[in-house]
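Given next are the chains, with one letter for each unit.
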Amino acid sequence: QLRFVESGGGLVQPGGSLRLSCAPSTFSLVRSAIGWFRQAPGKEREGVSCISGAGSTTKFPDSVRGRFTISRDNAKNTMYLQMNSLKPEDTGVYYCAVQWRPDSRDCALSEGRYDVWGQGAQVTVSS
């Protein structure tokens, strides 16, 4: 059974914005490292953002730095990926993920660090 409800994907024009949301159904995001990953057609899955449990560390690859923002709303138990200035090369399926073991200090853009995954949300950037 999927542990996340993931929403917010869709079709946007280049330069537009989308916000993806993930809400776990049975556990808390507090104190957990969380991340977002994407897979473009014909390419390997890549990490696009992560944040440590305390929010002290965030990471982004060069491809999205300055355009994407990761955040967490503890009161709503929801994680977000805000995507601005979208480009056609941002097109892909986006997945949210959470690490079981609490980690207040660090996070990683590697799939092996994460234990629970969303179902994926399609993001298409096209004119």
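Right above here is the structure, for reference.
Residues numbered from 1 in each chain as written. Predicted model: local features only at pLDDT ≥ 70, side-chain atom pairs only at ≥ 80, totals over all residues. Heavy atoms only, no water.

Chemist: Help me understand unusual backbone geometry, please; the structure alone is not making it clear to me.
Modeler: When glycine is set aside, most residues are seen to have a negative phi, and most peptide bonds are trans. For R31, which is not glycine, the phi torsion reads 75° and is therefore positive. The topology assignment puts R31 in the loop between β3 (18–24) and β4 (32–39). Backbone geometry places N77, a non-glycine residue, at a positive phi of 50°. Turning to its location among the elements, N77 is positioned in the loop between β7 (68–73) and β8 (78–83). (Helix = DSSP H or I, 4+ residues; strand = E, 2+ residues; numbered from the N terminus.)

Chemist: Is there a simple way to explain the state of the cysteines in this structure?
Modeler: Should the sulfur atoms of two cysteines be covalently bonded, the bond is a disulfide. This structure, assessed with the given rule, holds 2 disulfides. Across a sulfur-sulfur distance of 1.7 Å, C22 and C96 are joined as a disulfide pair. Given an S-S torsion of about -85°, the disulfide between C22 and C96 has left-handed geometry. Of this pair, C22 sits in strand β3 while C96 sits in strand β9 (residues 92–102), and the two are 74 residues apart along the sequence. For the pair C22 and C96, a shared accessibility class is recorded, and that class is buried. Put simply, C50 and C107 are joined by a disulfide, and their sulfur atoms are 2.0 Å apart. With the S-S dihedral at roughly 65°, the linkage between C50 and C107 falls on the right-handed side. Of this pair, C50 sits in strand β5 (residues 46–51) while C107 sits in the loop between β9 and β10 (116–117), placing them 57 residues apart in sequence. Across the chain, the way the bonded cysteines pair up, counted in sequence order, is 1-3, 2-4. (Disulfide = S-S within 2.5 Å. Buried < 20%, exposed > 50% of the residue type's maximum accessible area, 1.4 Å probe, protein only.)

Chemist: How should I be thinking about the pairing of β9 in this particular structure?
Modeler: Put simply, side chains in a regular strand alternate between the two faces of the sheet. For β4 and β9, the ladder comprises 7 bridges, and the chain directions are antiparallel. By the bridge assignment for β9, F37 is matched with Y95. Across 3 bridges, β9 lies against strand β11 (residues 121–125) in antiparallel orientation. Considered in β11, the bridge of G92 is made with V123. Two elements, β9 and β10, share 2 bridges in a ladder whose sense is antiparallel. Across the sheet, A97 pairs through a bridge with W117, a residue of β10. (Pairing = 2+ DSSP bridges.)

Chemist: Sorry if this is basic, but what is going on with the packing of aromatic side chains here?
Modeler: Each pair of aromatic rings is reported with the distance of its centres and the angle of its planes. Applying the stated criterion across every chain, the model contains 5 aromatic pairs. The structure contains a cluster of three or more aromatic residues connected by ring pairs, namely F4, F27 and W100. A cation over an aromatic ring shows up here: R45 above the ring of Y95, its NZ or CZ 4.1 Å from the ring centre. Directly above the ring of W117 sits R45, whose terminal nitrogen or CZ lies 5.4 Å from the centroid. (Phe/Tyr/Trp six-rings, centres within 6.5 Å; stacked < 30°, edge-to-face > 60°. Lys NZ or Arg CZ within 6 Å of the ring centre and 35° of its normal.)

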